[in-house]
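Descriptive analysis of the structure
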Amino acid sequence: MRVIHNNLVVCLFAFAAFVFLAAFYTLQTNSGLKEAVVRSSQQNVEAILDSLRPWTSWADSERLAGGDVEEKARLDVVQGAATNRNSDPRPPTTVTSSSLSSPVKGDTDQVESSEGEETSQEEEPAPKLPCERTLLFHFGGQRGFTSEYNRFIRVTAVASHFGYEVIPVATDWMYGEYEDYFKPPELSCTTDTSPTWEQRKAVRRTTGENLSKPAWTRNKHVQDGGYNAMDYFDEIFLAISTSPRALAKLHNQEIAEYPPTLPLSGIQTVPTEILKSFEMLARQVQKYWILQDDVQKMVDALREGLRLTSESESSTGTLAGRPPVIGLHIRLGDKCSEMGAIKYSPLRFATPAQLAEHQSRRQAANQCSEQAESGGLDETHARIYLDAADEASGNLQSERVRRKPVLAIMSDDVGGLEKLRNGAGEQLDEFEPVLLSELAKDYPAAMGGKGGKDMDRVEKGFQSGQFPKLSLETRVTATKRFLRDLTVVGREADSIVFTGSSNVGRLAALIGGAEKATQGRFLSCDSRWYGTAHWA
């Protein structure tokens, strides 16, 4: 009797399993009958299990009493299935932000997304906090543009070292407004609530202070102190960017070798003793030299004229597909009047005996007179410029297929190229010389407008005493064209030839960047680069 009962139980369980498997197969192959089959199969299994419950209780007690572990495990599985018979067999639905934000067109519309992938709406940037430490720099007066801009860059380098954000402003500046040429710098904080100029303390020297940590840095909001603080800022800049011992050794060497053989080599133009100073200032130029859109369009048009647009660049992003470009800055105008000024040469650190030996002022006066007679550029100086260009070309040719270099000439005098040709025409034939200011005339977009009626006076060489007398429209237009040429020379030239005594030349090198300095790509035709207002 017990055997018959056991066989009956086994048969009933086999039948129940068959029904369950059939329902499961139907569920997988016929999605349209899913819910009906699930409900039917669950009801059948439930009815069978209910009818077997009296029998299975007695049979279980008999079999389990004998220690049938496998049977116990099988019953656990069956009873677990009965316990979960009311569960939903479909996988859970993941609610994503896209499903909440997408528009609903109808009951049948669904949001398509990858399984398990959640999307999120773009978050608005958090509002900027007020700047904790700021320095207000004031552009003003009638000093040369690059003289003032180089002072600005030195101040920003010092301010950045001590954790200040610099806010440039311009009032009563003969060049107009800062925003006429540059976009405001990108700051990580907001200056909307910063104190005004009058509410700030001016940077001033404190007797006996440590220049590596000046007393004024205890104030959170300061202003630059104007030209009265210029030399003071320069001293701080040298203290944080050079070694006094190494700099003094360099000065002694330069005096011993004065006057130097010209042109200077790359390592002589930016020696290792002042490379850190160069790098600090170059970082600030990279941050603040952000041209306004109209000025940048002038730059782009001139690049196109020089065939330096992206189409001429190689697919790897290098400029190997174009000829070498050598930038050449020739400062004419009233620059010769500064020749021989001790504060712009190594003789600034000479002893009285050394200074008397060189008699620099008398020599400079003679040179200036000779240059004036030859139109501002005599043969000697013309050859120095082109010797430097030859050296730069030789350095570049080792890296490229031999091609005639483009000599991109920037000068404050429209006759600069002709004067260079008169001085050393046979050397000039080794290059493809281009006077940027003349080339730009073939590209209206590079001119930035006609300027005022006195525009022609600007093209005859920069005269600091005459420039303020021009109309504001002429001054602004002329300055935009100047920045156009300066940007092209600084950023596009593979090597730059300049005079280290000129603020323009030193700024062109900074725009060129620290990498070119370390590669010896800058060559000076008179004195090395220095980062302060006077020789250091």
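Keep in mind that what you see is a predicted model, and the values were worked out from it rather than measured. Numbering of residues starts from 1 in every chain and runs along the sequence as written. Per-residue local features are limited, in this predicted model, to residues with pLDDT of at least 70; the limit for side-chain atom pairs, both in listing and counting, is 80 or more; totals at the level of whole chains, interfaces and linings are taken over all residues. Hydrogens and waters are ignored; side-chain quantities use all the structure's heavy atoms.

Points about the packing of helix H5 (residues 145–161) against helix H17 (residues 503–512)
Where H5 meets H17, the axes come as close as 8 Å, and the angle between the chain directions of the two elements is 50 degrees. Judged on the interaxial angle alone, H17 and H5 are oblique. For H5 against H17, the interelement crossing comes out left-handed. Side by side, H5 and H17 meet where Thr146, Ser147, Tyr149 and Asn150 of the first sit next to Asn503, Val504 and Leu507 of the second. Any residue that is not Ala, Val, Leu, Ile, Met, Phe, Trp, Tyr, Cys, Pro, Asp, Glu, Lys or Arg is counted as polar, Gly included; the first ten are nonpolar and the last four charged. When the residues that make up the contact of H5 with H17 are grouped by side-chain class, the tally is three nonpolar, four polar and no charged. The angle between two axes is taken between their N-to-C directions and runs from 0 to 180 degrees, where each axis is a line fitted to C-alpha atoms and a helix contributes only its stretch in contact. Strands here mean DSSP runs of E at least two residues long; helices mean DSSP runs of H or I at least four residues long; both are numbered from the N terminus. Orientation is classified from the angle alone, with under 35 degrees giving roughly parallel, over 145 giving roughly antiparallel, 65 to 115 giving roughly perpendicular, and any other angle giving oblique. Handedness of a helix crossing follows the sense of rotation of the near helix relative to the far helix, less than a right angle counterclockwise being left-handed and clockwise being right-handed. It only takes one pair of heavy atoms within 4.5 Å for two residues to be counted as in contact.

Focus on the pattern of salt bridges
By convention in these notes, a salt bridge is any Lys or Arg side-chain nitrogen within 4 Å of a carboxyl oxygen on Asp or Glu. According to the stated counting rule, one finds 13 salt bridges in the structure shown. In this structure, Glu254 and Arg528 form a salt bridge, with 2.4 Å as the shortest nitrogen-oxygen distance. Within this pair, whereas Glu254 is found in helix H7 (residues 244–256), its partner Arg528 is found in the segment after strand E9 (522–524), the two being separated by 274 residues in sequence. Of the two residues, Glu254 and Arg528, both sit in the buried class. Taking the shortest distance from any N to any O, the salt bridge between Arg303 and Glu492 comes out at 2.8 Å. Linking Arg303 in helix H10 (residues 293–305) with Glu492 in helix H16 (residues 472–492), this pair joins segments that are 189 residues apart in sequence. Three labels apply to residues, based on accessible area from a 1.4 Å probe with only protein chains included: buried if under 20% of the type maximum, exposed if over 50%, partly exposed otherwise in between.

Section: unusual backbone geometry
A cis geometry characterises the amide bond from Tyr258 onward to Pro259, with omega recorded as -5 degrees. As for its position among the elements, Pro259 is in the loop between H7 and helix H8 (266–269). Residue Pro263 follows Leu262 across a cis peptide bond; omega there is 0 degrees. Here Pro263 is to be found in the loop between H7 and H8. With phi around 55 degrees, Asp172 is a residue other than glycine that occupies positive phi space. Along the chain, Asp172 falls in strand E2 (residues 165–173).

Quick notes on the sheet that holds E9
Between any two strands, pairing holds if DSSP finds at least two bridges. Strand order in this open sheet of five strands is E7-E6-E5-E8-E9, and the pairing throughout is parallel. One side of each edge strand has no neighbouring strand; the edge strands of this open sheet are strand E7 (432–435) and E9. Sheet twist, expressed as the average angle between the axes of neighbouring strands with direction ignored, equals 20 degrees. When strand E6 (residues 406–411) meets E7, the two strands line up parallel, connected through four bridges. The residue bridging Ala408 from the neighbouring strand is Val434, located in E7. Of the strands in this sheet, strand E5 (325–330), E6 and strand E8 (495–498) touch H16, which is tilted by about 145 degrees from E6.

What about a negative patch on the surface?
Each patch groups residues whose relative accessible area exceeds 30% and which form no salt bridge, using 9 Å between like charges and 5 Å between nonpolar side chains of Val, Leu, Ile, Met, Phe, Trp and Tyr. Every accessible area reported is derived by Shrake-Rupley at a probe size of 1.4 Å, with residue values counting cover from the shown protein chains alone. When charges are tallied, Lys and Arg are placed among the positive residues and Asp and Glu among the negative ones, while His and the ends of the chain are skipped. Every charge is mapped to an atom, namely NZ of Lys, CZ of Arg, CG of Asp or CD of Glu. Together, Asp387, Asp390, Glu391, Asp429 and Glu430 make up a region of like negative charge exposed at the surface. Turning to its location among the elements, Asp429 is positioned in the loop between helix H14 (416–428) and E7. Taking the relative accessible area as the measure of exposure, Asp429 reaches 49% and is therefore partly exposed.

Quick look at the nonpolar core
Residue types Ala, Val, Leu, Ile, Met, Phe, Trp, Tyr and Cys, when buried and joined through side-chain atoms within 4.5 Å, form a set referred to as a nonpolar core. One finds Leu135, Tyr149, Phe152, Phe182, Trp216, Phe278 and Trp289 to be the most contacted residues of the largest nonpolar core, which totals 80 residues. The leading source of residues in this core is H5, at eight residues. Counting 24 residues, the second-largest nonpolar core is a separate cluster that includes Ala389, Leu396, Leu417 and Leu428.

Examining the side chain of Ser411
Counting through the fold element by element, Ser411 comes out in strand E6. Residue Ser411 is classed as buried on the basis of its relative accessible area, which comes to 12%. Residues adjacent in sequence count toward polar contacts only when both atoms are side-chain atoms; beyond that, a polar contact is any pair of N or O atoms within 3.5 Å, and within protein one must be able to donate a hydrogen and the other to accept it. Of the polar contacts made by the side chain of Ser411, one reaches the backbone oxygen of Ile330; its length is 3.0 Å. Residues within four places of Ser411 in sequence aside, it is in contact with Ile330, Leu332, Gly416 and Leu435.

What to know about the packing of aromatic side chains
Under the pairing criterion, centres of Phe, Tyr and Trp rings, with the six-membered ring standing for Trp, must be within 6.5 Å; the plane angle then separates stacked pairs below 30 degrees from edge-to-face pairs above 60, leaving the rest tilted. Under the definition given, this model contains 28 aromatic pairs. Relative to Tyr175, the ring of Phe145 has its centre 5.3 Å away and its plane inclined at 85 degrees; by these criteria the two rings are edge-to-face. Pair noted here: Phe145 is in helix H5 and Tyr175 is in the loop between E2 and strand E3 (201–202), with a separation of 30 residues, a long-range link. Side by side, Phe145 and Tyr175 carry an identical accessibility label, which is buried. Criterion for a charge above a ring: Arg CZ or Lys NZ at most 6 Å from the ring centre, at most 35 degrees from the ring normal. Just above the ring of Tyr227 sits the side chain of Arg143; from NZ or CZ to the centre is 3.4 Å. The ring of Tyr530 has Arg506 sitting right over it, with the charged end atom 4.1 Å from the ring centre.

So, to be careful, I would describe these as geometric facts and stop short of saying anything about function.
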